[in-house]
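Residue-level structural notes
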Amino acid sequence: MQDSHVARPPNPFSPNPLTSGGIRANQSLPFIYRGREFNPGEGSCWKTTARPVGSNKISGMDRLASANRIWVGKNQVRFKAYQRDFGLKRLTNFWTGLAGAKDPIYVVQTNARIVERCMLMTTRPGDLVLDPTCGSGTTAYVAEQWGRRWITIDTSRVAIALARQRLLTAQFDYYELKDDPKGLGAGFKYNTVPHITLKSIAQNTNLDPIFAKHEPILDKALAACNAGIGLFIAELYGDRR
């Protein structure tokens, strides 16, 4: 029986395109990488600047190369976009994976995630949310969870009773305020997530002195390593040649 587990690479990445349509003077230039010349193609340009022949100015493509963000294909180069570069996924207008409420206690109970998504898009902590059709109190529940003030209304005593019971027995996570004296209006303290893009590397001039300092050290270490491997191979296979 074969093992069904598949080995996962340590740093998975996607080779994203490095070119876009159009011609620009400082981006529609050949790019020399590891002794090979690459061109963006007719009518296209690199997504960042390239170095003109004879120029000593560091270009965006140079920074990508120094940061080991260049992936080499058969006849093209692409940008290495690591999975770790983005801690979040962009929300689009395709609301997939959002069905009805799970185990509803009321026949028209809405999925809390749908209400949550709408509320987070349109309000901030401390804002007032009005729901004129209370139902089972989902809007009030989500508003309470995310630090929004709320007013909910219904003509049915059953709906009001259900919502009241739900809110009185609910347990909510605690979120630390950004500024306690200002209250909810100041918002919450949020965790930060990595967000690394091609532009943030290619246009970051602060990387230049770092590369200038460490690249010679790494090149020297690599040369010594290659020399050591060469001597080892020569000693290992020397008598067979």
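Reading the values: rules and limits
Residues numbered from 1 in each chain as written. Predicted model: local features only at pLDDT ≥ 70, side-chain atom pairs only at ≥ 80, totals over all residues. Heavy atoms only, no water. Pairing = 2+ DSSP bridges. Helix = DSSP H or I, 4+ residues; strand = E, 2+ residues; numbered from the N terminus. Axes fitted to C-alpha atoms, helices over the stretch in contact; angles between N-to-C directions. Right-handed = clockwise from strand over helix to strand, strands pointing away. Buried < 20%, exposed > 50% of the residue type's maximum accessible area, 1.4 Å probe, protein only. Salt bridge = Lys/Arg side-chain N within 4 Å of Asp/Glu carboxyl O.

**A few points about the sheet that holds strand E1 (residues 13-17)**
- Spatially, three strands are ordered E1-E7-E6 in an open sheet, and the strand pairing comes out antiparallel. Both outer strands of the open sheet, E1 and strand E6 (70-72), are each paired with one neighbouring strand and no more. Ignoring which end each strand starts from, the neighbouring axes of this sheet average 45° apart.
- Bridge count between E1 and strand E7 (residues 77-82): five bridges; the pairing is antiparallel.

**Some points on the pairing of strand E9 (residues 149-152)**
- Alignment of strand E8 (residues 128-131) against E9, held across four bridges, turns out to be parallel. By the bridge assignment, Asp 131 is partnered in E9 with Thr 152.
- As for the winding sense of the linkage, the β-α-β connection from E8 through helix H3 (residues 138-145) to E9 is right-handed.

**Things to note about unusual backbone geometry**
- Notably, Arg 34 is not glycine yet its phi reads approximately 55°, a positive angle.
- In this structure, Arg 34 sits in the loop between strand E3 (31-33) and strand E4 (36-38).
- What makes Arg 34 exposed here is its relative accessible area of 66%.
- A positive phi angle, near 55°, is found at Asn 68, a position not held by glycine.

**Topic: the pattern of salt bridges**
- Per the stated rule, a full pass over the model turns up four salt bridges.
- Here Asp 62 makes a salt bridge to Arg 51, at a shortest N to O gap of 2.9 Å. Taken as a pair, Asp 62 in helix H1 (residues 60-66) and Arg 51 in the loop between strand E5 (44-46) and H1 lie far apart in primary sequence, 11 residues in all.
- The class for Arg 51 is partly exposed, based on a relative accessible area of 33%.
- Between Asp 208 and Arg 63 there is a salt bridge whose closest N-O contact spans 2.8 Å. Residue Asp 208 is located in helix H6 (residues 207-237), and its partner Arg 63 is located in helix H1; the two are separated by 145 residues in the primary sequence.
- By relative accessible area, Asp 208 is classed as buried at 15%.

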